[in-house]
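Structural overview for review
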2 protein chains.
Amino acid sequence: MRRFVVEKSRNLITRTTRSPCSTCSSPKASSFLVSPRPSYPTSSSSSKPSINSSLRFLAASLLNPPLYCNPLLFPSFMAFNYSTSPLSVETINPKVLRCEYAVRGEIVTLAQELEQDLKKNPGAYPFDEIIYCNIGNPQSLGQQPITFFREVLALCDHPLILDSSETQALFSADAIERAFQILDQIPGRATGAYSHSQGIRGLRDAIAAGIEARDGYPANRDDIFLTDGASPAVHMMMQLLIRSEKDGILCPIPQYPLYSASIALHGGTLVPYYLDEATGWGLEISELKNQLETAKSKGISVRALVVINPGNPTGQVLAEDNQREIVEFCKKEGLVLLADEVYQENIYVPDKQFHSFKKISRSMGYGESDFSLVSFQSVSKGYYGECGKRGGYMEVTGFSPEIREQMYKVASVNLCSNISGQILASLVMNPPKVGDESYESYMAEKDGILSSLARRAKTLEDALNKLEGVTCNRAEGAMYLFPKIELPQKAIEAAKAANTAPDAFYARHLLNATGVVVVPGSGFGQVSSS
Amino acid sequence: MRRFVVEKSRNLITRTTRSPCSTCSSPKASSFLVSPRPSYPTSSSSSKPSINSSLRFLAASLLNPPLYCNPLLFPSFMAFNYSTSPLSVETINPKVLRCEYAVRGEIVTLAQELEQDLKKNPGAYPFDEIIYCNIGNPQSLGQQPITFFREVLALCDHPLILDSSETQALFSADAIERAFQILDQIPGRATGAYSHSQGIRGLRDAIAAGIEARDGYPANRDDIFLTDGASPAVHMMMQLLIRSEKDGILCPIPQYPLYSASIALHGGTLVPYYLDEATGWGLEISELKNQLETAKSKGISVRALVVINPGNPTGQVLAEDNQREIVEFCKKEGLVLLADEVYQENIYVPDKQFHSFKKISRSMGYGESDFSLVSFQSVSKGYYGECGKRGGYMEVTGFSPEIREQMYKVASVNLCSNISGQILASLVMNPPKVGDESYESYMAEKDGILSSLARRAKTLEDALNKLEGVTCNRAEGAMYLFPKIELPQKAIEAAKAANTAPDAFYARHLLNATGVVVVPGSGFGQVSSS
């Protein structure tokens, strides 16, 4: 199966490059330029070159079932006249209008339309299925869940079967034992009850122990806020930090658009810092300083720095020295460090390792009261890829009791995150150990997934770099590749004539020619170098 | 067990009324006055009498395991000095500071402290356990989940066992069949993949069919947004509707504080309308009109009306005629109707029935383009009480395609709600039918829970009304009672001297004397009649 997938991805790429572009008549759709996105408040005034980049490839399996059904295709309500409706686009919250989210944007909508049409008219297109590479959603692409994790979840969902003899035959002994352990941490074994608003105490203990084992520094259950995936945690921090459009958040460009969307929804200002494609998406402190100063000169009070490590969508893994500089920068400038570390298990090159910012800051001598850090983790990524379970947590250190009380209050308003997601977050941070019945099969599943991801990342990276006019940095980690593609002038003009960004124009043609769904680089805030 | 619980609740109430108050020396802590809450933007300027009410009793089982562990008790970070921290209470988003959420507020925090101390010093208090009646969390109080629902969830979590012979012995045949049906609606059977941002299409079909069967009017899957419980759906609507503090939302007082909290977090203005305790928490259109006009005269643009039916925390069930008037009022005034219908299964009196606002508006001849209505539903309430699963949906009708597109975009930013919660929402709206293997046991479980809730509601209502100085309206539905308690002047003065609201003062004494946790009426916005 995996062999097939790799072949398939290779064929698709080759097919793409050999399809003549009907608009510009170029024999290869191989050169590309991305236009700047007007939605970002500060332009690329940096001394860094702003980089030509365009497409995001998902380095996960390309085997794809139909995933989305577009609600906006032909819904019944479109035929009505809403002239007397009390709400119109002009009268809703303008922050909602300003929010953008490219990974589920117009290219995906078009793909869904094609998919529907493909069912009715097979053979009408030069492809027979849509390949969704727009988002990191491994299980939708055929990746199987870790058996041990699912066994424990099923037993916690239906504890009545725990004592049956058939259960012994169906489930591994350590999964049964783990389910008992987890249920014992829940008052009344009630997995259907609201928990503490930060999450079940015993599960937070397990997560804290996992963080300690990873970092070699103490972790505390009181610092853990369990959430429905990492997204609500990011929203909660933006809500806390942003008072008005005069508050800024430093974000990498290219960036995962959750950050720009969340900042827009909370009415703040995204202060971009540009990653340097020429140095493998390097994060330079001089760039951070320049952008901070530029923002200050515009009256923006910069409150926090977002770092995504491993990078999304850029796939780089930060070096330890670089991380130390970042910690020093935040400390000096009085910034909260928001560390998106959801790809901590996804490292594909032997010369790079993941180090958490907690570990780095502690190794520099900073303790609880010296450094304000939030680390985001999710069950959606890693080797587990349990996106649909919506589990995750943030570890919050260096905030005063008064601020924590406010955070607890906001968490309380939504009562708690879902208990299955909470359980899964604890399993991910406390998987089977040597000697456990499931240990060997668990390790085989884990290694199989991670080595397959690494192999596919390398295959795509190599394939992209072999194409004329296409360059792509090394896929060190995460689940994405972000190649640079140069477009001929005629294609750029054709895009202009079609009133669309050149990268969106290219992505649309790629989809129409091959059925492959990618996200235009401009959706990540990436700007043109021209 | 239930017999015991009823006895226990009776004893506790008796015990409360017989404990002399150490502060005011009254032989009975039986008279009570609630002070107005300064946090509401408009005071009780209504012609309606504003009502003396105080305590919220949960009409669920009073059997209680220790539920919360207070994160703010003695956490390790309290000993540190945060003077160099970049964040302080003065510099966070003031909307967060303004947000209040009483059902997990200071009385609950005190209860958690007592609970911890009780473990160390059993016998130090006049009670031996804490009875949490502050929130509707049935499974934390011993209510068992519906077996069929949990069977299906477990099988969907671990589909690998579906074909095993042991599974036939452990699970009912229709649960296995239902799990297969659900999995077939999920591309690749991937319950670990992100779904469509509104939820899995087939599950939305099942929910729409359930709504149709309930109302007798068509429902459409495109109108359904599946969410992690009802709370995120309420937040999403507030985010859409509120542009600034000049935008107002009409909310009942007393109200479930999710509404005031969410309006505060999104920076809007709560426009209160007062329910009339004297007429069984009647909702009068004249009151709505008065409050709307008052708000308009202050420059507030009122955008929506929140109606909670059955009432939370007041337990009344709206009459059909009243609902028609409400629909007419919204239509005339150009308001979106936000209908909190999460207690639709919780009706305890034979002379009342639940009618959805969708059904009422359709029966009045309003169609898709005539009336803007959002109905919230949750898996946390009803007879299922699956709070920890965080499942729910909103049915959105009467919004233009452009607005729906904006809503879909905002839903996309959080990708999707948790799949187990989605599955459960579909099961709740499509439970076993006559002839299914599970039907009889399902009905027995459902009837057992609903009749027990009804019995306990009546027991508490009667017990409260027998107390001197205490009156309580009929518990027609939902899970709460909201009695009025008159306090003697001396108690009010003692509360003033302690710098606390009289109702909070009473609730604190009740807790200290009996271990029973209730929520002061002022936490629901209720004001004094004096």
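Residues numbered from 1 in each chain as written. Chains lettered and ligands numbered in written order. Predicted model: local features only at pLDDT ≥ 70, side-chain atom pairs only at ≥ 80, totals over all residues. Heavy atoms only, no water.

Considering the overall build of chain A
Scanning chain A from terminus to terminus reveals 17 helices and 14 strands. Taking the intrachain contacts of chain A between residues at least 6 apart in sequence as the baseline, contacts between residues at least 24 apart amount to 76%. With an accessible surface of roughly 17,600 Å², chain A has 51% of that area assigned to carbon and sulfur atoms. (Helix = DSSP H or I, 4+ residues; strand = E, 2+ residues; numbered from the N terminus. Contact = heavy atoms within 4.5 Å. Areas by Shrake-Rupley, 256 points an atom, 1.4 Å probe, with all protein chains shown as cover.)

Details of helix H3 (residues 106–120) of chain A
When the terminal C-alpha atoms of H3 of chain A are compared, their 22 Å separation across 15 residues agrees well with the 21 Å that a helix rising 1.5 Å per residue should span. Taken as a whole, H3 of chain A has its buried residues at Ile107, Val108, Leu110, Ala111, Gln112, Leu114, Glu115, Gln116 and Leu118 of chain A. Taken together, the buried residues of H3 of chain A touch strand E2 (131–132), helix H17 (502–514), strand E13 (516–517) and strand E14 (519–520) of chain A together with helix H7 (201–215) and helix H13 (401–413) of chain B. (Expected span 1.5 Å × (residues − 1). Buried < 20%, exposed > 50% of the residue type's maximum accessible area, 1.4 Å probe, protein only.)

Here's the deal with the environment of Asp223 of chain A
Residues and elements named next belong to chain A. Assignment of secondary structure puts Asp223 in the loop between helix H7 (201–215) and strand E3 (224–227). Judged by its relative accessible area of 5%, Asp223 falls in the buried class. Between the alpha carbons of Asp223 and Arg204 there is a distance of 8.7 Å; along the sequence they are 19 residues apart.

Some details on the relation of the copies chain A and chain B
The transformation that overlays chain A on chain B combines an axial shift of 0.0 Å with a rotation of 180 degrees, and the residual RMSD is 0.0 Å. Such a combination of rotation and displacement between the chain copies is what one expects of a two-fold axis. Using C-alpha coordinates, one finds that chain A approaches the rotation axis most closely at Ala154 of chain A, a distance of 2.1 Å. Mapped onto chain B, 100% of the interface residues of chain A again fall at the interface, so both copies present the same surface. (Least-squares fit on C-alpha atoms with pLDDT ≥ 70 in both.)

With respect to helix H14 (residues 419–428) of chain A
Residues and elements named next belong to chain A. Counting buried positions along H14 yields ten of ten residues, so the element is predominantly enclosed. Among all positions in H14, only Ile419, Ser420, Gly421, Gln422, Ile423, Leu424, Ala425, Ser426, Leu427 and Val428 are buried. Measuring from the side-chain oxygen of the N-cap residue of H14 to the backbone nitrogen of Ser420 gives 3.3 Å; that N-cap residue is Asn418. (Polar contact = N/O pair within 3.5 Å; in protein donor to acceptor, adjacent residues only side chain to side chain.)

Thoughts on the confidence of the model for chain A
Of the residues in chain A, 83% have a pLDDT of 70 or more, and the chain-wide mean is 84. When the criterion is pLDDT under 50, residues 59–74 of chain A qualifies, and its contacts beyond four places in sequence or with other chains add up to 69 contacts. (pLDDT = per-residue confidence, 0-100.)

Some points on unusual backbone geometry
In the segment running from Asn309 of chain A into Pro310 of chain A, the intervening peptide bond is cis, with an omega of -10 degrees. Along the chain, Pro310 of chain A falls in the loop between strand E6 (301–308) and helix H11 (320–333). Omega for the bond connecting Asn312 of chain A with Pro313 of chain A falls within 30 degrees of zero, at 15 degrees, which places this linkage in the cis form. Note on placement: Pro313 of chain A falls in the loop between E6 and H11. Positive phi values are uncommon outside glycine, yet Trp281 of chain B reaches one of about 60 degrees. In this structure, Asn499 of chain B takes a positive phi of about 60 degrees despite not being glycine. Among the structural elements, Asn499 of chain B can be located in the loop between helix H16 (489–497) and helix H17 (502–514).

Describing the pairing of strand E7 (residues 336–340) of chain B
Residue and element names in this part refer to chain B. With five of five residues buried, E7 is to be regarded as a mostly interior element. The alternating pattern of E7 places Val336, Leu338 and Asp340 on one face and Leu337 and Ala339 on the opposite face, and all of these are buried. Across five bridges, the pairing between strand E6 (residues 301–308) and E7 is parallel. Residue pairing in the sheet places Val306 in a bridge with Leu338 of E7. The β-α-β motif built from E6, the intervening helix H11 (residues 320–333) and the parallel element E7 has right-handed crossover chirality. For E7 and strand E8 (residues 373–378), the ladder comprises four bridges, and the chain directions are parallel. Its bridge partner being in E8, Leu337 is matched across the sheet by Leu373. (Pairing = 2+ DSSP bridges. Right-handed = clockwise from strand over helix to strand, strands pointing away.)

A closer look at the interface of chain A and chain B
In this complex, chain A contributes 120 residues to the contact, which on the side of chain B involves 120 residues. Here chain A meets chain B over a buried area of about 10,000 Å², counting both sides, of which 61% is carbon and sulfur. The tally of links from chain A across to chain B stands at two salt bridges. With a shortest N-O distance of 2.4 Å, Lys389 of chain B and Asp157 of chain A are connected by a salt bridge. Put simply, chain A and chain B have 44 residue pairs in polar contact (both at pLDDT 80 or more) between them. Elements supplying a minimum of two residues to the side of chain A that touches chain B: helix H2 (94–98), H3, helix H4 (147–157), helix H5 (165–170), helix H8 (230–241), helix H9 (258–265), helix H13 (401–413) and H14 of chain A. (Buried area = accessible area lost by both parts, 1.4 Å probe. Salt bridge = Lys/Arg side-chain N within 4 Å of Asp/Glu carboxyl O.)

Topic: the pattern of salt bridges
Residue and element names in this part refer to chain A. With the rule as written, the count across this model stands at 38 salt bridges over all chains. Between Glu333 and Lys296 there is a salt bridge, with the nearest N and O atoms lying 3.6 Å from each other. You can see Glu333 sitting in helix H11 and its partner Lys296 sitting in helix H10 (residues 285–297), a full 37 residues away along the chain. Looking at Glu333, the relative accessible area reads 23%, which means it is partly exposed. Of the residues examined, Lys296 reaches a relative accessible area of 42% and is grouped as partly exposed. Between Glu320 and Arg324 there is a salt bridge whose closest N-O contact spans 3.3 Å. With Glu320 and Arg324 both in helix H11 and four residues apart, this pair spans about one turn of that helix.

Quick notes on the packing of aromatic side chains
Residues and elements named next belong to chain A. Tallied over the entire structure, the rule returns 20 aromatic pairs over all chains. Measuring from ring centre to ring centre gives 6.5 Å for Phe149 and Tyr383, while their planes differ by 40 degrees; the resulting arrangement is tilted. Linking Phe149 in helix H4 with Tyr383 in the loop between strand E8 (373–378) and strand E9 (392–397), this pair joins segments that are 234 residues apart in sequence. The residues Phe149 and Tyr383 share a single accessibility class, namely buried. Cluster of aromatic residues (ring-pair linked, three or more members): Phe148, Phe149, Tyr383, Tyr384 and Tyr442. (Phe/Tyr/Trp six-rings, centres within 6.5 Å; stacked < 30°, edge-to-face > 60°.)

Digging into the environment of Gly385 of chain B
Inspection of the secondary structure puts Gly385 of chain B in the loop between E8 and strand E9 (392–397). Along the primary structure Gly385 of chain B and Gln139 of chain B are separated by 246 residues, whereas in three dimensions their C-alpha atoms are 6.5 Å apart. Setting aside its immediate chain neighbours within four residues, Gly385 of chain B contacts Gly192 of chain A together with Pro138, Gln139, Gln143, Val379 and Ser380 of chain B.

Things to note about the sheet that holds E7 of chain B
Residue and element names in this part refer to chain B. What the seven strands build is an open sheet, ordered E3-E9-E8-E7-E6-E4-E5; its pairing is mixed. Two strands close off the open sheet at either side, each with one partner strand: strand E3 (224–227) and strand E5 (269–274). Within this sheet the neighbouring strands show an average axis-to-axis angle of 20 degrees, counted without direction. In this fold helix H8 (residues 230–241) packs onto E3, strand E4 (247–253), E6, E7, E8 and E9, with an angle of close to 155 degrees to the strand it touches most, E8. (Axes fitted to C-alpha atoms, helices over the stretch in contact; angles between N-to-C directions.)

Topic: the sheet that holds strand E7 (residues 336–340) of chain A
All names here are of chain A. Read from one edge of the open sheet, seven strands run E3-E9-E8-E7-E6-E4-E5, paired in mixed fashion. A strand with exactly one partner marks an edge of an open sheet, and here the two such strands are E3 and strand E5 (269–274). Direction aside, neighbouring strands of the sheet carry axes that sit 20 degrees apart on average. Relative to E6, strand E4 (residues 247–253) runs parallel, the two sharing four bridges.

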